[in-house]
Amino acid sequence: LRNVLEQAVLRSDSAQLDAPQFARILQETGLDPVEPPAPAVAVRSTGQLLRPLAAQIADLEHQAIAAALQATGGNKLAAARLLGISRATLYGRLDTAGPGMMAADPG
C-alpha cells in the first residue's frame, strides 16, 4: 500500500490526489482499482450476529494470505513480500491457520 501511494504521489501533477486521479494512476501502473467490500451493516441485514473483532481480523488475514499465494502462484517468498511480512511470519501464519490454509496453498 505504501508503495502504491508513493507511486501515486510521484506520478501526480497536483499537490492533492482525488479519486479519479488515483484510479487513472492505478490503471497506468497496471493495477485496477477494486470495489470496496460491502459495509459491515449488511451482516446485520442477513440476521447474522457480528463476530468478535479478533475472529474477523483472523478471517481477513487468511483471505489476504490466500489471495497473495494465489497471485504469486504459491511462491511463499513473493507472497510474503506482497503482504509486507517476512517469509518466517508467513510460515507461522500458515501453521496457525491449520491444514485448510495449507491445502489451499498450491506450493
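In this text, all values refer to a predicted model and were calculated from it rather than measured experimentally.

A.B. asks: It is not clear to me how the overall build of the chain should be interpreted in this structure. Could you clarify?
C.D. replies: For the chain, the helix and strand inventory stands at seven helices and zero strands. Helices (α) and strands (β) of the chain occur, in sequence order from the N terminus, as α-α-α-α-α-α-α. The buried share of the chain, taken over its 107 residues, is 16%. Within the chain, contacts between residues at least 6 apart in sequence are counted, and of these 27% link residues at least 24 apart. Counting every atom, the chain has about 8,000 Å² of accessible surface; 58% of that belongs to carbon and sulfur.

A.B. asks: What's the story with the nonpolar core in this structure? I'm lost.
C.D. replies: Soluble, globular proteins show a tendency: their nonpolar side chains are buried together. In terms of nonpolar packing, the biggest core is built from seven residues, these being I65, A68, L69, A79, A80, L90 and L94. Where this core is concerned, the elements lending two or more residues are helix 4 (53–71), helix 5 (76–83) and helix 6 (87–97). Once residues within four sequence positions are removed from consideration, A80 is found in contact with I85, S86, R87 and L90.

So, how was this worked out
- Residues numbered from 1 in each chain as written.
- Predicted model: local features only at pLDDT ≥ 70, side-chain atom pairs only at ≥ 80, totals over all residues.
- Heavy atoms only, no water.
- Helix = DSSP H or I, 4+ residues; strand = E, 2+ residues; numbered from the N terminus.
- Buried < 20%, exposed > 50% of the residue type's maximum accessible area, 1.4 Å probe, protein only.
- Contact = heavy atoms within 4.5 Å.
- Areas by Shrake-Rupley, 256 points an atom, 1.4 Å probe, with all protein chains shown as cover.
- Core = buried A, V, L, I, M, F, W, Y, C linked by side-chain atoms within 4.5 Å.

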